[in-house]
Every structure is written in C-alpha cells, then in structure tokens.
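One-letter residues, chain by chain:
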Amino acid sequence: MTTTPTAGDRTVAGRVPLDDVIKTDLARLHFVRDIARLERFCRRPDQNGLAIMLTNDPALWSVPGPGRGQTRDREFRIHEGRELTGTLLWAGGTYEPNTCTLRGTYGLDWKPYSELEGSGGEFRYVAVHVNPDQDDPDDPAAPGQT
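Criteria and cut-off values
- Residues numbered from 1 in each chain as written.
- Predicted model: local features only at pLDDT ≥ 70, side-chain atom pairs only at ≥ 80, totals over all residues.
- Heavy atoms only, no water.
- Helix = DSSP H or I, 4+ residues; strand = E, 2+ residues; numbered from the N terminus.
- Buried < 20%, exposed > 50% of the residue type's maximum accessible area, 1.4 Å probe, protein only.
- Pairing = 2+ DSSP bridges.
- Axes fitted to C-alpha atoms, helices over the stretch in contact; angles between N-to-C directions.
- Expected span 1.5 Å × (residues − 1).
- Contact = heavy atoms within 4.5 Å.
- Core = buried A, V, L, I, M, F, W, Y, C linked by side-chain atoms within 4.5 Å.
- pLDDT = per-residue confidence, 0-100.
- Salt bridge = Lys/Arg side-chain N within 4 Å of Asp/Glu carboxyl O.

Points about unusual backbone geometry
Not every positive phi belongs to a glycine, and alanine 91 is a case in point at roughly 55°. On the secondary structure map, alanine 91 appears in the loop between strand S2 (83–88) and strand S3 (100–107).

Quick word on the environment of proline 45
As for its placement among the helices and strands, proline 45 is situated in the loop between helix H1 (24–41) and strand S1 (49–55). Take proline 45: its relative accessible area is 77%, and that puts it in the exposed class. For the pair proline 45 and asparagine 131, spaced 86 residues apart in the sequence, the C-alpha separation amounts to 8.2 Å.

A word on the sheet that holds strand S4 (residues 111–115)
On the basis of which strands lie adjacent, the open sheet formed by three strands has the order S1-S5-S4 and antiparallel pairing. Unpaired on one side and paired on the other, S1 and S4 mark the two borders of the sheet. On average, each strand axis in the sheet is inclined to that of its neighbour by 25°, with strand direction left out of account. Bridging between S1 and strand S5 (residues 122–130) involves seven bridges; their strand directions are antiparallel. For methionine 53, the partnering residue across the bridge sits in S5 and is valine 126.

Looking at H1
Given a rise of 1.5 Å per residue, 18 residues ought to cover 26 Å, and the 26 Å separating the end C-alpha atoms of H1 matches this to within 8%. Contacts from the buried residues of H1 go to S1, helix H2 (58–61), S2, S3 and S5.

Quick word on the nonpolar core
Core analysis: the biggest nonpolar cluster contains 25 residues, and Ile35 and Ile78 have the highest contact counts within it. Taken together, the elements giving at least two residues each to this core come down to H1, S1, H2, S2, S3 and S5.

With respect to the confidence of the model for the chain
For the chain, mean pLDDT is 82; residues scoring 70 or higher make up 75% of the total. Across the chain, S2 holds the top mean pLDDT of 98, while H2 sits lowest at 94. In this model residues 1–14 is a low-confidence stretch, pLDDT under 50, and it forms 13 contacts with partners more than four residues away in sequence or in other chains.

A short note on the pattern of salt bridges
In total, this model carries six salt bridges according to the counting rule given. With a shortest N-O distance of 2.5 Å, aspartate 73 and arginine 28 are connected by a salt bridge. With aspartate 73 in the loop between H2 and S2 and arginine 28 in helix H1, the pair connects residues that are 45 residues apart, well separated along the chain. Look at arginine 28 and you get buried, because its relative accessible area is 3%. Aspartate 109 is paired through a salt bridge with lysine 111; the nearest N and O atoms lie 2.9 Å apart. Exposure remark for aspartate 109: the relative accessible area of 39% places this residue in the partly exposed category.

So, in structure tokens, the structure goes:
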C-alpha cells in the first residue's frame, strides 16, 4: 500500500485533508493510467484487475456544468455515467506523454462510501473491473470487448 504525502503535515481529528493530496486533473489522469496498466497486466485468461478510486471531491463524480470550458483533462473525466474507451488525449493531444489508450470500454458508476460531518464529509467510490477478454487492436487473436 502506498500513501501520498499531503502539502504540509496537517491533520484534523486524525483525518488528512484530502484536498491537499492531489489535484482533480491529475487524479483523473492517474486513474485512467491505472486502468490501462491493469489491461496490460490482465492479458492472460487467469488474470483480472480492479481499479478503485475513493474520494470526497465531488468534482470527480459530478457531471461538469454547461459553462465549463475546454480543460486539458476533458477526455479523462470520470464523472457518474461516463464511459471510458479508446484513445484519450490530454489537452487535445498537445501533450502526447499523457495520451492514454484503453482497449476496453468502462462505464463509471459512483457509489456512496461514507458520510462524515462537516465540509467534504461525503465519500464516494468507483470500481472498474478489468477482464482478460478486452479487445486489443494490435492482437488479431484477442477476444471481443466486454
């Protein structure tokens, strides 16, 4: 298990202020990268994977508002009801190192996890199951998508 240090060493009643841990654009990028990494791991029929994100940041599970302009992480959005698939471009493709290609198709369904008192007390999680039978465009012997 790894932990991400916070900006400073602050805790409130034993809780880490999660808004200091990671910014939402990078959280989205790393979650999608985790899914792609699991796809590479799960190429054998006896392997599968599970990517889980647990957060108290509603910006991650909420559908962006209509006034939200072009953002660099637009294709990496992981809000409720979103479907992740294919090649996702960071900043419209202007920063190629963050381009990520998914072989499978993944619907995102956020679930309640816990509710604590105070601001930021609502926690939700999303779980993405990665199976070995994802489509691989470079492998003609790969089975179909799930």
